[in-house]
Structure formats: structure tokens, C-alpha cells
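# Chain and residue survey
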Amino acid sequence: SWAVRSSAVGEDSACSFAGQYASLLNVDPADLVAAIQQVWASKYRPEALMYRILSGFDDMATPMAVLVLEMVNAQTSGVAVTRGLDRPDGCLDIYRVSGLGQDLMSGSSTPLVQRLGAVMDRDRELSVAAAALEVTESLLQGLLRETARIEGYFGSGQEIEWCVDEHN
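Let me begin by describing the structure that accompanies this report.

Reading the values: the criteria
Residues numbered from 1 in each chain as written. Predicted model: local features only at pLDDT ≥ 70, side-chain atom pairs only at ≥ 80, totals over all residues. Heavy atoms only, no water. Helix = DSSP H or I, 4+ residues; strand = E, 2+ residues; numbered from the N terminus. Buried < 20%, exposed > 50% of the residue type's maximum accessible area, 1.4 Å probe, protein only. Contact = heavy atoms within 4.5 Å. Pairing = 2+ DSSP bridges. Axes fitted to C-alpha atoms, helices over the stretch in contact; angles between N-to-C directions. Expected span 1.5 Å × (residues − 1). Core = buried A, V, L, I, M, F, W, Y, C linked by side-chain atoms within 4.5 Å. Patch = residues over 30% accessible without salt bridge, like charges linked within 9 Å, V, L, I, M, F, W, Y side chains within 5 Å. Areas by Shrake-Rupley, 256 points an atom, 1.4 Å probe, with all protein chains shown as cover. Salt bridge = Lys/Arg side-chain N within 4 Å of Asp/Glu carboxyl O.

Once that is clear, we can look at the overall build of the chain. Of regular secondary structure, the chain possesses five helices and seven strands. Element order for the chain, N to C, with α for helix and β for strand: β-β-α-α-β-β-β-α-β-α-α-β. For the chain, with 168 residues in total, the buried portion stands at 39%. Summarising the internal contacts of the chain: among those between residues at least 6 apart in sequence, 58% fall at separations of at least 24.

The sheet built from four strands is open, its strands ordered β6-β5-β4-β7 with antiparallel pairing. Among the strands making up the open sheet, the edge pair consists of β6 (112-116) and β7 (159-165). With strand direction ignored, the average angle separating the axes of adjacent strands in the sheet is 20°. Bridge count for strand β5 (residues 92-98) against β6 is five bridges, and the pairing is antiparallel. From the neighbouring strand, Asp93 faces β6, where its bridge partner is Arg115.

Attention now goes to the pairing of β5. With respect to burial, β5 is a largely interior element, five of its seven residues being buried. The pairing of strand β4 (residues 74-82) with β5 spans seven bridges and is classified as antiparallel. Note on β5: the bridge partner recorded for Thr82 is Leu92.

The antiparallel open sheet is built from three strands, whose spatial order is β2-β1-β3. In the strand order of this sheet, the two ends are held by β2 (23-27) and β3 (64-70), each with one partner. Sheet twist, expressed as the mean angle between neighbouring strand axes with direction ignored, is 20°. Across seven bridges, the pairing between strand β1 (residues 2-8) and β3 is antiparallel. By the bridge assignment for β3, Arg5 is matched with Leu67. Sitting on the sheet, helix α1 (residues 32-41) touches β1, β2 and β3, and the angle it makes with β3 is about 140°.

Below, the discussion takes up helix α5 (residues 137-154). Residues lying three or four places apart along an α-helix face the same way, a consequence of the helix completing one turn every 3.6 residues. Between its first and last C-alpha atoms α5 spans 26 Å; for 18 residues at 1.5 Å apiece the expected length is 26 Å, and the two agree. Along α5, the residues that are buried comprise Leu139, Leu140, Gly142, Leu143, Leu144, Thr147 and Glu151.

As a further point, take the nonpolar core. Leu92, Ile94, Leu116, Leu139, Leu140, Leu143 and Trp162 are the most contacted members of the largest nonpolar core, which has 15 residues in total. Broken down by secondary-structure element, the contributors of at least two residues to this core are β5, α4 (122-133), α5 and β7. Those residues within four positions of Leu139 in sequence are excluded, and the remaining contacts are Trp162 and Val164. Counting 12 residues, the second largest nonpolar core, distinct from the first, contains Ala8, Ala22, Leu32 and Ala48.

On to a nonpolar patch on the surface, then. A surface patch of nonpolar side chains, about 290 Å² in accessible area, is lined by Tyr44, Leu49 and Ile53. Counting through the fold element by element, Leu49 comes out in helix α2 (residues 46-54).

The backbone of Asn26 sits at a positive phi, close to 55°, despite the residue not being glycine. Mapping Asn26 onto the fold places it in strand β2.

Right, let's talk about the pattern of salt bridges for a bit. Across all of its chains, the model carries six salt bridges by this definition. Here the salt bridges do not stand alone but share partners, grouping Lys43, Arg52 and Asp59 into one network.

So, in C-alpha cells, the structure goes:
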């Protein structure tokens, strides 16, 4: 099955747009065209229009692409929020839920949250954070490494969705 998701210009700027557009999960291949149309149409849902207008974006400034991705059987999902290159390496907020991240992104589930500070005893803090989030230290080390790489590429703070399947 497939995940059909939006990706809009400005989506991860100072205005997050998180949860404003549709994400459809476990889409059957026979239903892909209808799912793509539904995600595109979600750009014009009343709440998405209002958020865009209040954030100062007009329609032409926010073109949308639709991503079709193979579904992952997520055991754990979350968002890692980096703080920007002006902050020391390692400043990261991690939000985690069990299963798929849809409930986290829609706000219908309360995540476990852990902040990894800019000044830290890495080994001790990673161990404490892993226990608090109920994940492995190697997962947190991987998130730190990959979020720093992604933030460096884009040159600014990022909101990065992640998940772990039954094989990781």
C-alpha cells in the first residue's frame, strides 16, 4: 500500500503548516489517482486557506506537490525539531508516538517529548532521553546525526518526520 502526502512551498518555514493538508495512508494502488486528487484539493480546505491567509501567503506563493511513498509499517514515529545553525550542535526536540505518526501530526495523540540540549554530557543525556522516549540510544544517535546533516543542507532549523519499522 501507499502513503499519499502533500509537500508545499513554505510548509517548513517559520509557519509550519503541519496538519493543514491531507495525508492519506494505506492507499490501495487502485485508489491512487483519487487519493492524489484528494490531497491536492486539501490545499483549499477552509482551515488551510485561513491558516495560509493569516500567515501572509497567497495562493501563488504556496504551490503544492503530492508525494506517493511506499507505506512503512511503523512501530514508532515522530518529529525531530532542530533549532537552527545559530545554535550549538545537539539542540533538538524529539516528539514520539507508538505506531504511525498520523495521530501526532493531527494533534489527536499526546507524544512523549524530549529535549536534547546544546550543552550536554552526550552519553548520559542520550541514555536518559532514550529511556524517557522508550527508544534505543542508537536511534537517538542516528537522529542527531541525520538531523544535523539535513539542517546543514538547508541552512536553517527543520521539522523532520521519522519512523522506525519492525526491522530497525
